[in-house]
Amino acid sequence: MRPKTALAIVEWTSLPLLLLAGLMAISGYGLTSEAARTASLGLLTFSRSQAIHLSRFVKLGFVFLLLLHTYAGTEVLTEKLRAGDRRGAAALIEYGVIAFLIYVGWIAVNGEFGG
């Protein structure tokens, strides 16, 4: 992936990833805390929290954005390492992150569709 493309992906996925992460956290607190439901001024009921937090679309969207953002960010980092003549470190980080992202993606897909 070209460094400019990777940086653009990191920039464009940042805000949606932040919003989905916040939505997941807030809806999780809405499931377990009466104080969180009260603080939301009635917008966050238990049933709304449950619908948001358990939504397959929200969870898979979050994981997809997380994987894309992390991969592109790793490409930006490893490009800087390669420019500094640290190719071994760049390769180790890149392959390690790719293996981890494949694992996370597999767990997410298996968790949603595997039973």
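To be clear, the structure that these remarks concern was listed above.
Residues numbered from 1 in each chain as written. Predicted model: local features only at pLDDT ≥ 70, side-chain atom pairs only at ≥ 80, totals over all residues. Heavy atoms only, no water.

Caption draft 1: Fine view of unusual backbone geometry. Residues other than glycine seldom take positive phi values, yet Leu 41 does so here, at roughly 60°. When its relative accessible area of 77% is taken as the criterion, Leu 41 is described as exposed. The phi dihedral of Asp 85 is positive, around 60°, even though this residue is not glycine. Secondary-structure assignment places Asp 85 in the loop between helix H4 (56-83) and helix H5 (87-113). (Buried < 20%, exposed > 50% of the residue type's maximum accessible area, 1.4 Å probe, protein only. Helix = DSSP H or I, 4+ residues; strand = E, 2+ residues; numbered from the N terminus.)

Caption draft 2: Structural view of the packing of aromatic side chains. Throughout the structure, instances matching the rule amount to one aromatic pair. Here Tyr 103 and Trp 106 contribute two aromatic rings whose centre-to-centre distance is 6.5 Å and whose plane-to-plane angle is 25°, an arrangement assigned as stacked. Taken together, the residues Tyr 103 and Trp 106, both in helix H5 and three residues apart, mark about one turn of the helix. We classify Tyr 103 as partly exposed; its relative accessible area is 47%. You can call Trp 106 exposed: its relative accessible area is 54%. (Phe/Tyr/Trp six-rings, centres within 6.5 Å; stacked < 30°, edge-to-face > 60°.)

Caption draft 3: Molecular detail of the environment of Thr 13. Mapped onto the elements, Thr 13 comes out in helix H1 (residues 3-32). Thr 13 sits 56 residues away from His 69 along the chain, and the two C-alpha atoms are 6.0 Å apart. Look past the residues within four positions of Thr 13 in its chain and what remains in contact with it is Leu 65, Leu 68 and His 69. Of the polar contacts made by the side chain of Thr 13, one reaches the side chain of His 69; its length is 2.7 Å. (Contact = heavy atoms within 4.5 Å. Polar contact = N/O pair within 3.5 Å; in protein donor to acceptor, adjacent residues only side chain to side chain.)

Caption draft 4: Representation of H1. Taking 1.5 Å per residue, 30 residues should reach 44 Å; H1 reaches 42 Å between its end C-alpha atoms and fits that length. At Ser 14, H1 shows its largest kink, close to 35°, and the proline Pro 16 lies no more than four residues downstream. For H1, every residue scored as buried is listed here: Ala 6, Ile 9, Val 10, Thr 13, Leu 17, Leu 20, Met 24, Ser 27, Gly 28 and Gly 30. On the buried face of H1, the contacting elements are helix H2 (34-39), helix H3 (46-53) and H4. (Expected span 1.5 Å × (residues − 1). Bend = angle between axes of the 7 residues up to and from the residue.)

Caption draft 5: Summary view of the pattern of salt bridges. Counted according to the given criterion, the structure contains five salt bridges. Residue Arg 82 is joined to Glu 94 by a salt bridge in which the shortest nitrogen-to-oxygen separation is 2.5 Å. Here Glu 94 lies in helix H5 and Arg 82 lies in helix H4, a separation of twelve residues in the sequence. Given the relative accessible area of 24%, Arg 82 is considered partly exposed. On the basis of relative accessibility, which here comes to 11%, the residue Glu 94 falls in the buried class. What you see here is one network of salt bridges that share partners, running through Arg 56, Lys 59 and Glu 112. (Salt bridge = Lys/Arg side-chain N within 4 Å of Asp/Glu carboxyl O.)

Caption draft 6: Up close: the side chain of Arg 37. Looking at the element boundaries, Arg 37 is found in helix H2. Classification of Arg 37 as buried rests on a relative accessible area of 17%. When sequence neighbours within four positions are dropped, the list of residues in contact with Arg 37 reads Gly 30, Leu 31, Thr 32, Gly 42, Leu 44, Thr 45 and Phe 46.

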